[in-house]
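If you want the building blocks of each chain, they are given just below.
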Amino acid sequence: MKIVSIEDLQKVAEKGLKKLKPKNKIRISVGLATCGISVGGALLYDLLEKKIKEFGLGNKVDLSKTGCIGFCKEEPLVNIKIPGKAIVVLHRVTPEDVDEILKTIADDEYKFPKVFFQIDKWDHITSFIDYGEKFPEIPTWNEIDFFRYQKRLVLRNSGIINPEDIEEYIAVGGYKSLFKAFKEMNPDEIIEEIKKSGLRGRGGAGFPTGLKWEFAKKEKSDVKYVICNADEGDPGAYMNRNEMESDPHMIIEGMIICGYTIGANEGIIYVRAEYPLAIERLQKAIDDARSLGLLGKDILGTGFDFDITIVKGAGAFVCGEETALIASIEGKAGRPKPRPPFPAQKGLWGKPTNINNVETWSNIPIIVEKGGDWFSKFGTEKSTGTKVFSLVGKVENVGLVEVELGTPVRKIIYDIGGGTKKGKIKAVQTGGPSGGCIPSKLFDTPVDYEHLAEVGSIMGSGGVVVMDEDTCMVDTAKFFLDFSVDESCGKCVPCREGLTHMYEILDNITKGKASIEDVETLKELSETVKATSLCGLGQTAPNPVLTTLEYFYEEYIEHVVNKRCPGKVCKDLIQYVIIQEACKGCTVCALKCPVNAIYGERKKPHVIDQSACIKCGACLEVCKFDAVRKVSEGMGGGK
């Protein structure tokens, strides 16, 4: 079937809605994004499939897949949709729970184990669906703190629809925006709506999307290209991966609209090869869209041709920079080029090219459908809309968080993230290796492009790493810089040589071998690299160093002057000791030590030979009597 009319689209939507809201069957959906699979989701799915047959429930139950709703900490998640009733979401489901789930279905009792919340109504933005009557005494999704403070525009379908079923995407309003763009708007009108929306690039640079499209449209060329930058490489960041795995069609729809708008007939999704599931689902989505006439020749009977191919990247972080990405697609080494000319003027194969990030593309369908003015009501005046963040580190609620831009750091960390159970949160790092470390005293800072820049950080692609008091900020700066050194393409001297020397100084500081003069040199070198590097990698790589120097200077002084690591992280500045009064002489630590550095008689206090200890921490992990301590006494005698 080829879709050419809105009636055709509606027929497909009706098929998809019957799957989302079956009238005569119970639908069980298992969260099968990478996070769910990593904790047993795929095994759970296979077991459910097997057990449904054994219980004789084949005519009563439909088993399906879904993506990640964002609360990765609670995976595996299982959605159960009973006809006429709200979706019930179960969390941390194990194989041992399967029989109980299916038995209560077989008995028509519906008393499920591990109930988390229910979804009675859901705004898919391109549609609004009433999923059914609420169950008493089960909280609704928006009564859960993790979701209560979020605004889900990009994650509008994630964790509810089957990402491998185009009919379900169409059922929640998918490809309706494509119809509107092709049938009711001309390219200039589309660009005007994108400009009115205030949407800025979500890959980190924050350039106005509407202007980018306008530049590409104005270029005269027989060939133009549209590229999706899916080369997500920040440590701790997985927003784009989930968006591709959980709702691939929204990206494709956005790219087709752009192709029509700027006059391009070919699209390319550049995705890192380390994302096999995302690639698999994107390819299926492309194939399915093509089979329905939404990609390929004569889309919607308009005479417009547009198709998409996938190019796998080798995982080089620098290829997130658009000129390096283009070089990689062309088969060259992924190295940035000076600009101008910009890709909109001379990009892939020398032709005008528009490049946007996964999340930017994900916003396009809802802006076309709802209008630029509607979108601009979210966020701030200069940073409109929402942003998806991957919340990781020393925080209770690890997962994907989508909030309006301008939301304070504190709300993300504490109200949504739940803070931390142990100790206090010291800082958060935003923007990956290119971002800065924000201290707790600045947690009221609004998260948007302007305010993050004011405190020395950046939005980046959306990674948020939470650090507690046990974190060494000097070691943190060293960690991120080590990543940047490895990922530097080496083309420009400031980045290639400067980052290496910065790392060497940091390494000496963490080993207690540096001086105050070295710290001053580190600051001066960081500022020079930031000001003189060719591309964004080198220009932003010093941010973790500069922000830790500004906000945690006292930790540098402790390392350099007192030879102490306050976080007790830097190996050369710590020791493991056994408190004699607390040691029971159980010998467990001695048996666990891989280098036999612990000695002592049974039932008598033991001692660690510091000359032999490799500081692996195994003794601390196994001691049941809190007799092993990690200390950093340094020259000042502190702990």
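Just above sits the structure.
About the thresholds
Residues numbered from 1 in each chain as written. Predicted model: local features only at pLDDT ≥ 70, side-chain atom pairs only at ≥ 80, totals over all residues. Heavy atoms only, no water. Helix = DSSP H or I, 4+ residues; strand = E, 2+ residues; numbered from the N terminus. Contact = heavy atoms within 4.5 Å. Polar contact = N/O pair within 3.5 Å; in protein donor to acceptor, adjacent residues only side chain to side chain. Buried < 20%, exposed > 50% of the residue type's maximum accessible area, 1.4 Å probe, protein only. Pairing = 2+ DSSP bridges. Axes fitted to C-alpha atoms, helices over the stretch in contact; angles between N-to-C directions.

A.B. asks: Looking at this structure, I do not really get the environment of Y449. What am I missing?
C.D. replies: Its location among the elements puts Y449 in helix 17 (residues 449-454). Put simply, Y449 and R200 are 249 residues apart on the chain and 9.5 Å apart in space, counted from C-alpha to C-alpha. With near-sequence residues (within four places) excluded, Y449 lies in contact with R200, G201, R202, G204, G206, S383, L405 and M459. Within polar-contact distance, the side chain of Y449 engages the backbone oxygen of G201 at 3.0 Å.

A.B. asks: How should I be thinking about the pairing of strand 16 (residues 463-468) in this particular structure?
C.D. replies: A regular strand places its side chains so that they alternate between the two faces of the sheet. Counting buried positions over the six residues of strand 16 gives six, a clear majority of the element. When strand 12 (residues 386-393) meets strand 16, the two strands line up parallel, connected through four bridges. Bridged to V392 within strand 16 is V465. Examined bridge by bridge, strand 14 (residues 425-430) and strand 16 share five bridges and lie antiparallel to one another. Within strand 16, the position partnered with Q429 by the bridge is V465.

A.B. asks: Help me understand unusual backbone geometry in this model?
C.D. replies: Glycine aside, negative phi is the norm for most residues, and most peptide bonds take the trans geometry. The step from E75 to P76 runs through a cis peptide bond, and the omega angle for that step is -5°. Mapped onto the elements, P76 comes out in the loop between strand 2 (61-66) and strand 3 (78-81). R339 connects to P340 through a cis peptide bond whose omega is 5°. Assignment of secondary structure puts P340 in the loop between helix 13 (322-329) and strand 11 (353-357). Look at R92: it is not a glycine, yet its phi comes out positive at around 50°.

A.B. asks: Explanation requested: the environment of G406 in the structure shown.
C.D. replies: Summarising the element assignment, G406 is placed in the loop between strand 13 (399-404) and helix 16 (409-416). Setting aside residues up to four positions removed in sequence, G406 forms contacts with T380, P446, V447 and D448.

A.B. asks: Mind showing me how you'd approach the sheet that holds strand 1 (residues 26-31) here?
C.D. replies: Hydrogen bonds along the backbone pair up the strands of a sheet, which may run parallel or antiparallel. The strand order across the open sheet built from five strands is 2-1-3-4-5, with neighbouring strands paired in mixed fashion. One side of each edge strand has no neighbouring strand; the edge strands of this open sheet are strand 2 and strand 5 (115-119). Ignoring which end each strand starts from, the neighbouring axes of this sheet average 25° apart.

Purely geometric numbers; function is a separate question.
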